[in-house]
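Structural characterization, general
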Amino acid sequence: MSKDGQMWGGRFQGSLDALFAEFQKSLPVDHVLAFADLRVNRAWSTALAKVGVFTAAELAAVHAAIDDLEAHWRRTGIPVGDPAEDVHSLVERELVARCGDLGKRIHTGRSRNDQVATDLRLFLRERAAALRAAIAGLCAELVAKAAAHHDAPIPGYTHLQRAQPITIGHWALAHCEALGRDRERIADAAARMDSSPLGSGALAGTVLGVDRDALARDLGFGRGPSRNSLDATAQRDHLCELAFACAMAQTHLSRLAEDTIFFATQEARFVVFGDEVSTGSSLMPQKRNPDAMELVRGKCARAHGALLALLGSLKGLPLAYNRDLQTDKESLLPTLAETEACLQVATLAIRHMRFDLARCAAEAERGYLNATDLADLLVAAGVPFRDAHGVVGAAVNRAVDLGVELQDLPADEKRRLLPQLRVDLRQELAAGAVLARRDVVGGTAPARVRAEVEHWQTQLAAWSREGSN
């Protein structure tokens, strides 16, 4: 290191300007990679011993220093305010303090370029697993709601206008489907970054004959070493993929939040959020605000911004490493943490959200949500659907004029408007009957929803087993 403690100072006589020295520091962001960096140092020192850089005794001393430093930081935390330039220089300085020149020799044949690329993949592997677990937790709460209310009617909407009845369970599982795809995207991204850049050097590979396959196995990379050193140190595809997965998951969380915020309005009154996730007004005593879900909805925009920031940083970079890549962590790492937090808060909000089942059921019978079913009854009586559509439209207009629902049309109006029908409209157009007709795969019929609940319970169990392996 130079007299200023820099890892690169051999050619330089002067010191950095204080303003630039602070500006170019990355430790406040990359300190989260500290334990991954220690793991990389352990694996690399082992590889160096195999090619004669360390004796067995020296390797033991290096590993003892790594163990001591890790234990110290587990107790005290990483010193974020340390004057070190980045996490790598901090680790190296602390190891030198514990094992002398052996700590300097660990960097033999290695660059911070392949070091940070490897650190980052190790760290992101853990964060991807945590995100998948958080998604599973939210899906578990939604599945629990679906199981409890698989047959409970609620109005369904298109264009934020009442459309057709669905069940609460069908609504809850719709959000599970979206979140399940997010979990798959995160798993896919994690799989694609499952190769080790360590041994790539700055850009051209290392001069040491290290066994990169063994090194990759030692670090738990299932796809072995990266195949091109230039690409390994320069590419950040996996960061963009994770950023997109987070942006998409946050978008789905925002839609879930929007649904439930609307459900909690006085106009809808379908749900009430518990005290655990609600706040009041400093001025209006009657207010009960769904703040948890509003904050989840609001934070979505930051995930979108992080994705665009990463893509913008990468689009004009030549191969190989450029210092611009230091900013990749500033964009992605807070997004990973915030997405996980939003998933956990949404889980809490769903857990403490109670449906007013009587009101949901009553409102599913209002607003002409059964108009399509009336058209289908006409079709069954021999009327072409396009004609039936027009007939029912006229019937809806008349029902609006009279202030009644379709099933409550007076007998004379029914005979005049719907002469083809000889059925009990109150029975045929009841929400339960409307729901039961949707008895197809993916439909909202209670029996189908119950089957989907069982499917999701099986899926959650598989996810749980996967996470414990």
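So, here is what we can say about the structure in this document. The shown structure was predicted, so the numbers you read here are calculated from the model rather than taken from an experiment.

**Observations regarding the overall build of the protein**
If you tally the helices and strands in the protein, you get 20 helices and four strands. Relative to its length of 469 residues, the protein is extended, with a C-alpha radius of gyration of 30 Å against a globular reference of 23 Å. Across its three principal directions, the C-alpha atoms of the protein cover 100 × 50 × 40 Å. Across the 469 residues that make up the protein, the buried fraction comes to 47%. Counting contacts in the protein only where the partners sit at least 6 residues apart, residues at least 24 apart contribute 75% of the total. Approximately 22200 Å² of the protein is accessible, and the part contributed by carbon and sulfur atoms is 54%.

**Observations concerning the packing of helix α15 (residues 371–380) against helix α16 (residues 385–402)**
Closest axis-to-axis distance for the α15/α16 pair is 9 Å, and the angle between their directions is 130°. Considering their axes alone, α15 and α16 lie oblique with respect to each other. In the crossing of α15 with α16, the sense of the turn from one axis to the other is right-handed. Where α15 abuts α16, its residues A371, L374, A375, D376, L378 and V379 lie against F385, A388, V391, V392 and V396. Here the contact of α15 with α16 is composed, by residue class, of ten nonpolar, no polar and one charged.

**Examining the pattern of salt bridges**
Any two side chains of opposite charge can pair, on the condition that their charged atoms come close. Enumeration according to the criterion identifies 35 salt bridges in this entry. Across the salt bridge formed by E338 and R302, the nearest N and O atoms sit 2.4 Å from each other. Placement of E338 in helix α13 (residues 327–351) and of R302 in helix α12 (residues 291–314) is noted, with a sequence separation of 36 residues between them. We note a salt bridge from R437 to E428, for which the minimum N-O separation is 2.7 Å. Of the residues examined, R437 reaches a relative accessible area of 36% and is grouped as partly exposed.

**Notes on the nonpolar core**
Residues L124, L138, M293 and F355 are the most contacted members of the largest nonpolar core, which totals 99 residues. When residues of this core are assigned to their parent elements, the largest contribution, 15 residues, is made by helix α7 (residues 112–148). Excluding its chain neighbours within four sequence positions, the residues that come into contact with L124 are M193, H238, L239, L242, L332, L333 and L336. By size, the runner-up hydrophobic cluster in this structure holds 18 residues, among which are L378, V383, V396 and L417.

**Quick notes on helix α14 (residues 357–364)**
Along α14, the positions that sit buried rather than exposed are R359, C360, E363 and A364. Along the axis of α14, the buried residues cluster in a sector spanning 135°; they form a single face. Check the buried side of α14 and you find it contacts β1 (153–158), β2 (161–167), α8 (168–192), β4 (353–355) and α19 (431–437).

**Brief notes about the state of the cysteines**
Throughout the structure, instances matching the rule amount to zero disulfides. No disulfide involves C139; its nearest neighbouring cysteine sulfur is the one of C176, lying 4.2 Å away.

**Notes on the packing of helix α4 (residues 56–76) against helix α5 (residues 87–99)**
At a minimum axis distance of 9 Å, the contact between α4 and α5 shows a crossing angle of 120°. In terms of orientation, α4 and α5 fall into the oblique class. The chirality of how α4 crosses α5 is right-handed. Where α4 abuts α5, its residues A61, V62, A65, I66, D68, L69, H72 and W73 lie against L90, V91, E94, L95, R98 and C99. Split by residue class, the contact of α4 with α5 holds ten nonpolar, one polar and three charged.

**Points about unusual backbone geometry**
Following L319, the chain continues to A320 via a peptide bond in cis, the omega torsion being 5°. Mapped onto the secondary structure, A320 falls in the loop between α12 and α13. A positive phi angle, near 60°, is found at H159, a position not held by glycine. Tracing the backbone through its elements, the reader meets H159 in the loop between β1 and β2. Accessibility expressed as a relative area gives 76% for H159, which makes it exposed. A positive phi angle is found at R269, which is not glycine, with a value near 55°. Judged by its relative accessible area of 39%, R269 falls in the partly exposed class.

**Points about the packing of aromatic side chains**
Summed over the entire model, instances satisfying the criterion amount to seven aromatic pairs. With a centroid separation of 5.3 Å and 50° between ring planes, the pair formed by W171 and F263 is classed as tilted. Of the two residues, W171 sits in helix α8 while F263 sits in helix α11 (residues 237–263), which places them 92 residues apart along the sequence. Both residues of the pair, W171 and F263, count as buried. Here the basic side chain of R74 rests over the ring of F35, its NZ or CZ set 3.7 Å away from the ring centre.

**A word on the pairing of β1**
Across five bridges, β1 lies against β2 in antiparallel orientation. Along β2, the bridge assignment pairs P155 with P165. Between β1 and β2, which pair antiparallel and follow one another directly, the connecting turn spans two residues, one of which, H159, has a positive phi of 60°.

Rules and cut-offs
- Residues numbered from 1 in each chain as written.
- Predicted model: local features only at pLDDT ≥ 70, side-chain atom pairs only at ≥ 80, totals over all residues.
- Heavy atoms only, no water.
- Helix = DSSP H or I, 4+ residues; strand = E, 2+ residues; numbered from the N terminus.
- Rg over C-alpha atoms; globule rule 2.2 N^0.38 Å.
- Buried < 20%, exposed > 50% of the residue type's maximum accessible area, 1.4 Å probe, protein only.
- Contact = heavy atoms within 4.5 Å.
- Areas by Shrake-Rupley, 256 points an atom, 1.4 Å probe, with all protein chains shown as cover.
- Axes fitted to C-alpha atoms, helices over the stretch in contact; angles between N-to-C directions.
- Parallel < 35°, antiparallel > 145°, perpendicular 65-115°, else oblique.
- Left-handed = near helix turned anticlockwise from the far one by under 90°.
- Nonpolar A, V, L, I, M, F, W, Y, C, P; charged D, E, K, R; others polar.
- Salt bridge = Lys/Arg side-chain N within 4 Å of Asp/Glu carboxyl O.
- Core = buried A, V, L, I, M, F, W, Y, C linked by side-chain atoms within 4.5 Å.
- Arc of directions from axis to C-beta.
- Disulfide = S-S within 2.5 Å.
- Phe/Tyr/Trp six-rings, centres within 6.5 Å; stacked < 30°, edge-to-face > 60°.
- Lys NZ or Arg CZ within 6 Å of the ring centre and 35° of its normal.
- Pairing = 2+ DSSP bridges.

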